[in-house]
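# Tertiary structure, described
Okay, here's what each chain looks like letter by letter:
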Amino acid sequence: MAHRLQLQLLTWDVKDTLLRLRHPVGEEYAAKARAHGLEVEAAALGQAFGRAYRAQSHSFPSYGLSRGLTSRQWWLDVVLQTFHQAGVRDAQAVAPIADQLYEDFSSSRTWQVLEGADATLRACRKRGLRLAVVSNFDRRLEDILAGLGLQEHFDFVLTSEAAGWPKPDPRIFHEALRLAQVEPAVAAHIGDSYQCDYKGARAVGMHSFLVAGPEPLDPAVKDSVPQEHVLPSLSHLLPALDCLEGSPPGL
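Residues numbered from 1 in each chain as written. Predicted model: local features only at pLDDT ≥ 70, side-chain atom pairs only at ≥ 80, totals over all residues. Heavy atoms only, no water.

The name that an unreviewed UniProt entry assigns to the chain is Haloacid dehalogenase-like hydrolase domain-containing protein 3, with the source organism given as Physeter macrocephalus. Of the comments in the UniProt record for the chain, the one headed Sequence similarities (unreviewed entry) reads "Belongs to the HAD-like hydrolase superfamily." (UniProt positions renumbered as here; feature names shortened; annotations may be inferred.)

Structural data, given as structure tokens:
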């Protein structure tokens, strides 16, 4: 008779899994620019931010830790590049906006807890599961989680800035397992990114669940993820855990 799987650890992505921004990045940037006397279209800023963030992440992974940057310097440069690409060439005018945006995005007031997140975390802890964060975030994350009342649920918070490796790099997952002192076979990861969260965790032997939300999954992703690993909302996690723990090991 097969032994029943007994999970011990759940690791969690944060952005768009447990939290989301109250307003889109472009709108936040445009509002702050307006307060400083600059009129820039929110849509242009949103598109420019995506390009600037990807370029900065490629040139200086993990918030520039290995290149001598602080995460604050890293983000201020992203803001400057965002405004530059949106047509604002005066870096001196953007500098105070960048400083204010860094502080705003450090505050829990800029973020909101997704529906069902707190209740699901509480239910997981009630089941005796240990919880931890594994996130491609910077050092501000713990204060944000504390301000929103979520930090108390977690044994530890591991960011890519602290680890030095972003998901899906296997080393950040291995570091989380080391900190928790558990084997990957008794751990599961929950997140909204197919590449960073679902595939990243499974590559090191962990179980994983993909938070899909209400929108249809990309067909290629849908074909690659068993239906029982897909969570239309966080309220689906506990039944999915019951299903997983009732399966023979290795499934």
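Next comes the rest of the write-up.
So, about the sheet that holds strand β6 (residues 187-191). Strand pairs in the sheet, formed through backbone hydrogen bonds, run parallel or antiparallel to each other. Strand order in the open sheet formed by 6 strands is β5-β4-β1-β6-β7-β8, with parallel pairing between adjacent strands. If you trace the sheet from one side to the other, it starts and ends with β5 (156-159) and β8 (230-231), each paired once. Of the pairings in the sheet, the one linking strand β4 (residues 130-135) to β5 comprises 4 bridges and is parallel in character. Bridge assignment links Ser135 to a residue of β5, and that residue is Thr159. Contacting β1 (9-12) and β4, helix α5 (residues 117-126) runs over the sheet at an angle of about 160 degrees to β1. This element, helix α9 (residues 194-202), spans β6 and β7 (207-211) of the sheet and lies at about 165 degrees to β7. (Pairing = 2+ DSSP bridges. Helix = DSSP H or I, 4+ residues; strand = E, 2+ residues; numbered from the N terminus. Contact = heavy atoms within 4.5 Å. Axes fitted to C-alpha atoms, helices over the stretch in contact; angles between N-to-C directions.)

Time to look at the pairing of β5. Every second residue of β5 is oriented toward a common face, with Phe156 and Leu158 on one face and Val157 and Thr159 on the other, all of them buried. Once the chain exits β4 it traverses helix α6 (residues 141-147) before rejoining the sheet at β5, and the crossover so formed is right-handed. (Buried < 20%, exposed > 50% of the residue type's maximum accessible area, 1.4 Å probe, protein only. Right-handed = clockwise from strand over helix to strand, strands pointing away.)

To continue, consider the pairing of β6. Burial analysis of β6 places 5 of its 5 residues in the buried class, which makes it a mostly covered element. Residues Ala187, His189 and Gly191 line one face of β6 and the alternating positions Ala188 and Ile190 line the opposite face, and both faces are buried. Sheet topology note: the β1/β6 ladder contains 4 bridges and is parallel. By the bridge assignment, Leu10 is partnered in β6 with Ala188. Pairing between β6 and β7: 4 bridges, direction parallel.

Time to look at the packing of helix α2 (residues 42-59) against helix α3 (residues 71-85). α3 packs onto α2 with a crossing angle of 135 degrees between their chain directions and a minimal axis gap of 8 Å. In terms of orientation, α2 and α3 fall into the oblique class. For the pair α2 and α3, the sense of crossing is right-handed. In this structure, α2 uses Leu45, Ala48, Phe49, Arg51, Ala52, Tyr53, Gln56 and Ser57 to contact α3, whose residues at the interface are Trp74, Trp75, Asp77, Val78, Gln81, Thr82, Phe83 and Gln85. Across the contact of α2 with α3, the residue classes break down as 9 nonpolar, 5 polar and 2 charged. (Parallel < 35°, antiparallel > 145°, perpendicular 65-115°, else oblique. Left-handed = near helix turned anticlockwise from the far one by under 90°. Nonpolar A, V, L, I, M, F, W, Y, C, P; charged D, E, K, R; others polar.)

Another aspect to go through is the domain arrangement of the chain. As assigned here, the chain comprises domain 1 (9-18 + 114-246) and domain 2 (21-110). Between the C-alpha centres of domain 1 and domain 2 the distance comes to 27 Å. Facing the 13 residues of domain 1 at the interface are 9 residues of domain 2. Inspection of the region where domain 1 meets domain 2 yields 0 salt bridges. Linking domain 1 with domain 2 are 7 residue pairs in polar contact (both at pLDDT 80 or more). Listed by contribution, the elements that provide at least two residues to the side of domain 1 that touches domain 2 are α6 and α7 (160-163). In terms of residue class, the side of domain 1 that touches domain 2 is made up of 5 nonpolar, 4 polar and 4 charged. (Domains from an automatic or database assignment. Salt bridge = Lys/Arg side-chain N within 4 Å of Asp/Glu carboxyl O. Polar contact = N/O pair within 3.5 Å; in protein donor to acceptor, adjacent residues only side chain to side chain.)

What follows is about unusual backbone geometry. Backbone torsion omega between Lys167 and Pro168 reads 10 degrees, so that peptide bond is classified as cis. For Pro168, the position within the fold is in the loop between α7 and α8 (170-180). The phi dihedral of Asp16 is positive, around 65 degrees, even though this residue is not glycine. When you line up the elements, Asp16 lands in the loop between β1 and β2 (19-21). Positive phi outside glycine occurs at Tyr63, with the angle close to 65 degrees. Relative to the helices and strands, Tyr63 resides in the loop between α2 and α3. For Tyr63, a relative accessible area of 6% translates into the label buried.

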